[in-house]
Number of protein chains: 4
Amino acid sequence: MVKVGIIGSTGYAGQNLVWLLSQHPYVSIDFLCSHNHANIPFSNVYPNYQGFIEKNCIDIQSGIARLSKIDILFIALPHGKSFDIVEKALKVGVKVIDLGADFRLNDPNVYKQWYGLDHIALNHLKSSVYGLPELYRSTITKASLVANPGCYPTATILALSPLLQESLIDFSSVIVDAKSGVSGAGRSANIPNLFCESNESIKAYGVGTHRHTPEIEQELSKVSGQDMIISFTPHLVPMNRGILATCYGSLTRHIDEKDLNQLYKDFYKNDNFIRILDSIPETKWVKGTNLCDIGLRIDNRTNRVIVVSAIDNLMKGASSQAVQNMNIMCGFDENEGLKLMAMAP
Amino acid sequence: MVKVGIIGSTGYAGQNLVWLLSQHPYVSIDFLCSHNHANIPFSNVYPNYQGFIEKNCIDIQSGIARLSKIDILFIALPHGKSFDIVEKALKVGVKVIDLGADFRLNDPNVYKQWYGLDHIALNHLKSSVYGLPELYRSTITKASLVANPGCYPTATILALSPLLQESLIDFSSVIVDAKSGVSGAGRSANIPNLFCESNESIKAYGVGTHRHTPEIEQELSKVSGQDMIISFTPHLVPMNRGILATCYGSLTRHIDEKDLNQLYKDFYKNDNFIRILDSIPETKWVKGTNLCDIGLRIDNRTNRVIVVSAIDNLMKGASSQAVQNMNIMCGFDENEGLKLMAMAP
Amino acid sequence: MVKVGIIGSTGYAGQNLVWLLSQHPYVSIDFLCSHNHANIPFSNVYPNYQGFIEKNCIDIQSGIARLSKIDILFIALPHGKSFDIVEKALKVGVKVIDLGADFRLNDPNVYKQWYGLDHIALNHLKSSVYGLPELYRSTITKASLVANPGCYPTATILALSPLLQESLIDFSSVIVDAKSGVSGAGRSANIPNLFCESNESIKAYGVGTHRHTPEIEQELSKVSGQDMIISFTPHLVPMNRGILATCYGSLTRHIDEKDLNQLYKDFYKNDNFIRILDSIPETKWVKGTNLCDIGLRIDNRTNRVIVVSAIDNLMKGASSQAVQNMNIMCGFDENEGLKLMAMAP
Amino acid sequence: MVKVGIIGSTGYAGQNLVWLLSQHPYVSIDFLCSHNHANIPFSNVYPNYQGFIEKNCIDIQSGIARLSKIDILFIALPHGKSFDIVEKALKVGVKVIDLGADFRLNDPNVYKQWYGLDHIALNHLKSSVYGLPELYRSTITKASLVANPGCYPTATILALSPLLQESLIDFSSVIVDAKSGVSGAGRSANIPNLFCESNESIKAYGVGTHRHTPEIEQELSKVSGQDMIISFTPHLVPMNRGILATCYGSLTRHIDEKDLNQLYKDFYKNDNFIRILDSIPETKWVKGTNLCDIGLRIDNRTNRVIVVSAIDNLMKGASSQAVQNMNIMCGFDENEGLKLMAMAP
């Protein structure tokens, strides 16, 4: 039985993590921290847990005081908030899975450039592992600090890695047009996220400036072996959950659709959570799961390949990927607690 | 291991039943019948099941031919379609859980009046049991044919039974104003259920004429011990799932809210799936679960009690209640395969 | 040309009022006040107005300073905020249409009881007129201060008045189960109104305690000639706009549906914005209009009548009704600027 | 007063055209044809028109028989259905605005290739004019047959024309990632368009094969002066209305964002319905209008320009653009009947 604590347990990703961990056969939750809801029953904040989770939320300091009682700490906080906590956890031998952005970018200068903050935990940054199991499974096994990937990066990197590894597309040609449900904006009370503001409309945002861009570029560069710069445009879609990433690249050589489909299947042959489809994915078929669905088309007219991937932003894009990482770090079956099918409709 | 077959497996309720049964630890699915999708992989109709369920759908005749290989048959067909199938199943000793309406009304004349059909399986009607475990658990244990309750009746009967058993309200005063998500209308292609027709609007329908009315009245009458006639008005709400039943009754004697709340808790003290809240329920907190949340208020100004219940129409209102019935019939733990929390948001 | 000012112009109702007034042939807008957006172009707050409305918002004090330049002042503020403004406007001979709640309840004790505030403009309260043109057209003609009705009261009073005037229902039997789109909650940034919190769910709220209850009772009592107490339960529906009020009453004598329909048509024969339907209304058919659709059914089984009314909460439930009142006060054609059909889908 | 007839008046675009024409000051509607709803009151099909439009729908043959009584015929039918009708109308001197696809592609071979049909009105194809007023205003003035543009082409061509005319982007680099509300799929009863199938999900469709592709290429080629081939990927978004087109191109020379913004403003300086924004557009701000909002960003990192345009697919993407064309053909003020602001929220 692994003992865990969660800091940031009442944000959308955090509470989804609680949903998963509370049902995991080998996990015991020691504490749930929430800045906004300290000393309130967790199931008052999220009544779906009534009758299932009886714990009160505690404040972050109280959580830190209990670090010695746990094996793994999950952090789901806004960027810039985890440096100190990570330091304290690692010091007492607690492994950390950070769902935030602070340890995803290897280069602290890039971090500063996009997040506007100095990185003040450089030693831990060096030893941190980017927690995308499909690419880094063996390293994650030995990691003490895992930086759980962002939602858009997860969908994008999984969609493009096979193409890049085979140098099948011009590395400078990559355009990623991504669409996310509103839960990606978090649970903070602000006007643009009100029902009446988001409903019945679609918009692009952060055009050319979204913070997931350098994260995507870092990882795609590692796969391709060259420094890559991409266009990334996120959009907000009036639905609760889901990310669809539509990725474009110019083919460097001829390949037919069937062979490319097979190449993807081969690339992910050891990965239970990737489904290579013949059709084009829809987000609803992966909702509430750790799955990433991928479909692709070759457009001979334009000599481009279009790869479309779909994930649940709060699951494979956050909480269930964190559990997948935990499973790997703890030597559990990677699927443990994650054998989830979407519920239709 | 119990072997089951499902007839009507590609409707919304039917496929949700497949979702549940495919994950049930003591169940093995023998066949999935679908009139519209025979000989097509089930996971082509519902791609969420890709990688999980590899069976093809078969036609109903092929399903009937396999009756001897199963222990329990689930039927999820429109009314009037199950008479013959039930007959054949029971004959070969297969127990039946019918999610349709054909065996819910004890009086065949009432069936004819509201459904416009002669009931042609009167002998089985007599032995059938109304599958609401909270009221009929012990009878369900021994049943061969269980009539799984309708979605609106489930929400309504659970909301009102404690009041009626205690004669706390005037039996002629009951008004039920219910609201359902669009999945309640099924998966048939017709214009009123198109996205653009249902979205951004609410309407009442079947005012005074909905077929769930006599089912509700039959069961409320049994609880109260008197023939009851109620007002029942269903509404269509632009959301996929969920039923909220707002029930009104005139108090026959004074009781304060706290005591009434306790009375409800006592009434359902052996029922794991009923949550008596201090607050007023919302459908989202029971989505994807077998739970029924109930909240109540006494309005001293009008001397009325207002009881609000929330269920997932496809789950406690159909498929998960069917599994609950199966668990009881098979002597399994009643919670088996049903320990489900709603996923937020 | 009538010169108007609007205080509270950037709330949902306020800006919808601007939408209407800016297109009204006989109106010139002098100023738009907004507490939160003072000195910002109105069309920055609502980009739909870009190219149409070039004014900056001004603060409330600046608006008050311009009272002498206008003929009519519209106020769309939370309750308790308009006492002082009304005083100042009336003093300089400016007529006022208050979309807030401060002048709707004739009895200041009832106001205090439900709103928790002392009413500090009692003299103006006495001379104020309840702005429901279908009931008070002639009085509105001469009014200096019109209290524009609440959204739920508008839908409910219009649905029930013909029945009450004819004493066709038991006055103590009235139950109103109402459903509103999320815009009814206003544009303030709070968590329950976030997209992910309101979407895909329905809930009741303010059961037995909603502040529109005494307003409804006051007006129904006037129509019926007796003090009436009703049950009123509002619900929140995941859609932007619309109110559906489902109203129940016990018939005091037999009447058939056709005759009752005719009685409603007669009652509203001079009212252009009331449509008495043969069918049951849906909110989408009145969206963006000043219409109130009414449909009714007699349920002989229960001896109850069910009347369903549909309005757009921001229009007939707020802004377009305010314009209708203005038209009457100014002697314009009552339909001026209000000949609006819903746009489908 | 111009007399018009509409064939295909009960589809989503057709009925929106009726909405517009019925309020147009210089238009009198002679007939409304509907294959599915002949001899039924138009306002039975769309109850929003109750009290406003009293006409019955007539069948298409009856409409054709009345051609001599009208000046302009609007056709809103599926492709392949208008050849014969156009022939008959033009023969008797009736001008035609075809909202369908049959006269948009100048090359009948391209038509055959993408639509799978022989074009059997080649003479009229030659004289037809592509009805995008911002590009072809003067030709439309004299046209007898106007091919009203498709919804995606309208949004795309308006977004890219200024760039192409100035050769600011590599013509082979154009990628258009477009998102549409569900009304774009029309009002036919099929399962993928059911509420529960479209709601809470996003998908790409017709990847590399959508029929609007050659239409976009034809028009972009005319503007650029070279044969262009583009990538075009449409997506389905869970909302009723709206198209957002996110367009990517590689810059051929340096230009800064401010200058490019000005270049767009200059390009469209005579076009009342184009709004060049500083921000990035959202579909809600153009809903229910003839507007096209355009915003743009230069991404110096990738040397790409991203242009985002937003229209209402049923309005500027269909019906209101048809009215704009009619205004031009008839010599009316181009804005007549089209001075529409979006209603928020």
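Structure first, text after, so check above.
Residues numbered from 1 in each chain as written. Chains lettered and ligands numbered in written order. Predicted model: local features only at pLDDT ≥ 70, side-chain atom pairs only at ≥ 80, totals over all residues. Heavy atoms only, no water.

**Structural notes on the interface of chain C and chain A**
By a widespread convention, an interface's size corresponds to the accessible area lost as its parts come together. Each partner contributes to the interface: chain C provides 19 residues, whereas chain A provides 19 residues. For the pair chain C and chain A, the two sides together bury roughly 1700 Å², of which 63% comes from carbon and sulfur. The tally of links from chain C across to chain A stands at 2 salt bridges. The closest approach of N and O atoms between R187(C) and E197(A), which form a salt bridge, is 3.2 Å. Linking chain C with chain A are 8 residue pairs in polar contact (both at pLDDT 80 or more), by the criterion used here. For the side of chain C that touches chain A, the element with the highest residue contribution is helix α9 (residues 195-198) of chain C, accounting for 4 residues. Class assignment for the residues of the side of chain C that touches chain A results in 9 nonpolar, 7 polar and 3 charged. (Contact = heavy atoms within 4.5 Å. Buried area = accessible area lost by both parts, 1.4 Å probe. Salt bridge = Lys/Arg side-chain N within 4 Å of Asp/Glu carboxyl O. Polar contact = N/O pair within 3.5 Å; in protein donor to acceptor, adjacent residues only side chain to side chain. Helix = DSSP H or I, 4+ residues; strand = E, 2+ residues; numbered from the N terminus. Nonpolar A, V, L, I, M, F, W, Y, C, P; charged D, E, K, R; others polar.)

**What about the nonpolar core?**
F74(A), F74(B), F74(C) and F74(D) are the most contacted members of the largest nonpolar core, which has 416 residues in total. Once residues lying within four places of it in the same chain are set aside, the contact partners of F74(A) are V4(A), G5(A), I6(A), I7(A), L17(A), L21(A), I97(A), L99(A), A322(A) and M326(A). (Core = buried A, V, L, I, M, F, W, Y, C linked by side-chain atoms within 4.5 Å. Buried < 20%, exposed > 50% of the residue type's maximum accessible area, 1.4 Å probe, protein only.)

**A closer look at the relation of the copies chain D and chain A**
For the pair chain D and chain A, the best superposition has an RMSD of 0.0 Å and corresponds to a rotation of 180 degrees with a translation of 0.0 Å parallel to the axis. Both chain copies can therefore be described as sitting about a two-fold axis. Comparing contact sets, 100% of the residues at the interface of chain D also lie at the interface in chain A, consistent with an isologous, same-surface contact. (Least-squares fit on C-alpha atoms with pLDDT ≥ 70 in both.)

**A short note on the sheet that holds strand β6 (residues 145-147) of chain D**
All names here are of chain D. Reading across from one edge, β2-β1-β3-β4-β6-β5 is the order of the 6 strands in this open sheet, with parallel pairing throughout. Two strands lie at the open edges of the sheet, namely β2 (27-33) and β5 (129-130), each paired on one side alone. Bridge count for β5 against β6 is 2 bridges, and the pairing is parallel. The residue of β6 that forms the bridge with V129 is V146. (Pairing = 2+ DSSP bridges.)

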